[in-house]
Structures are given as C-alpha cells and as structure tokens.
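# Summary of the model geometry
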Amino acid sequence: LSPAGAQTTQLLVEPPWTPAVLWDQVTLTCRGSGTAGATTWYKDGRRWGLEGHDHFTVTESGTYSCDRPSTGLSPPVSILNDWLVLQVPARALLEGDTVTLRCRV
C-alpha cells in the first residue's frame, strides 16, 4: 500500500478513449517520478523489450503496464483488435457526469 498522497505511476493513452483499439495507432506514455528513461514495460504480464523509452506506439493488441523505480507499477491498459467497439473517455468518470460515447467500426 502506498502512503496517502504518494505519487503513483500512470499509463496515459492517446487518443484518450477506452477501450483503446489497435487501429487508432495508440500511443502509450508512462508517467511517474524517478530517472527519465528508467521505465520498464510489460505486455500480457511479461517484460517487454522497450527499456529506456517512456512512450511508444502500440503495434500489437494486448494488456500493457509500465513500471517506474520510484512510483511502481501502473494500472494495466488493454489494447483491443476488435472491429466494433463502444468507447468512453479515458478519464475518471463520476455519477452525474455528461459523457460522450463513440461507436466505432
């Protein structure tokens, strides 16, 4: 457990929609404290060979996460290869928020 107020590692998705789809040419960016370039990437639970890069464009579907030395492992992000998907904005949503949905084919 992290102490209250502790910074966490974030995995940012661009374009910022979830679920993310491979044909959107999704870029993942790992944000956390610590040395720039000290990011370790994981795909489907296994170490992914992109040492030293804090962002990249996804070329394979799967579940990705990143690790930074000072802030730990990010929550996972899934990139789908589905041909039909209903997307919501990739941000925290609260009850009562107005939300734009996208139906993509």
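In short, a report on the structure. Worth saying up front: this structure is predicted, and the values here are computed from it rather than measured.

Reading the values: the criteria
- Residues numbered from 1 in each chain as written.
- Predicted model: local features only at pLDDT ≥ 70, side-chain atom pairs only at ≥ 80, totals over all residues.
- Heavy atoms only, no water.
- Disulfide = S-S within 2.5 Å.
- Helix = DSSP H or I, 4+ residues; strand = E, 2+ residues; numbered from the N terminus.
- Buried < 20%, exposed > 50% of the residue type's maximum accessible area, 1.4 Å probe, protein only.
- Core = buried A, V, L, I, M, F, W, Y, C linked by side-chain atoms within 4.5 Å.
- Phe/Tyr/Trp six-rings, centres within 6.5 Å; stacked < 30°, edge-to-face > 60°.
- Pairing = 2+ DSSP bridges.

## Remarks on the state of the cysteines
Linking two cysteines covalently through their sulfur atoms gives a disulfide. Tallied over the entire structure, the rule returns 1 disulfide. At a sulfur-sulfur separation of 2.0 Å, the disulfide partner of Cys 30 is Cys 66. Between Cys 30 and Cys 66, the S-S torsion sits near 85°, and that sign places the bridge as right-handed. Here Cys 30 is found in strand S4 (residues 27-31), whereas its partner Cys 66 is found in strand S8 (residues 62-68), with 36 residues between them in sequence. Here Cys 66 falls in the buried class, since its relative accessible area comes to 0%.

## Brief notes about the nonpolar core
Grouped together as the largest cluster of nonpolar side chains are 14 residues, with contacts concentrated most on Leu 11, Val 26, Leu 28, Trp 41, Val 58, Tyr 64 and Ile 79. Contributing elements (two or more residues each) for this core: strand S1 (10-14), S4, S8 and strand S10 (77-80).

## Examining the packing of aromatic side chains
According to the stated counting rule, one finds 3 aromatic pairs in the structure shown. With 6.1 Å between their ring centres and 85° between their planes, Trp 48 and Tyr 64 make a pair best called edge-to-face. Taken as a pair, Trp 48 in strand S6 (residues 46-48) and Tyr 64 in strand S8 lie far apart in primary sequence, 16 residues in all. You can call Trp 48 partly exposed: its relative accessible area is 23%. Among the residues examined, Tyr 64 registers a relative accessible area of 1% and is labelled buried. Through a chain of ring-to-ring contacts, the aromatic side chains of Trp 41, Trp 48, Phe 56 and Tyr 64 assemble into a single cluster.

## A closer look at the sheet that holds strand S11 (residues 85-89)
One open sheet holds the 3 strands; their spatial order is S2-S11-S12, and the pairing between them is antiparallel. At either end of the open sheet lies a strand with only one pairing partner, and these are strand S2 (17-18) and strand S12 (102-104). Across 3 bridges, S11 lies against S12 in antiparallel orientation. Residue pairing for S12: Leu 86 is matched across the bridge by Cys 103.

The quantities given are spatial measurements derived from coordinates; they are silent on function.
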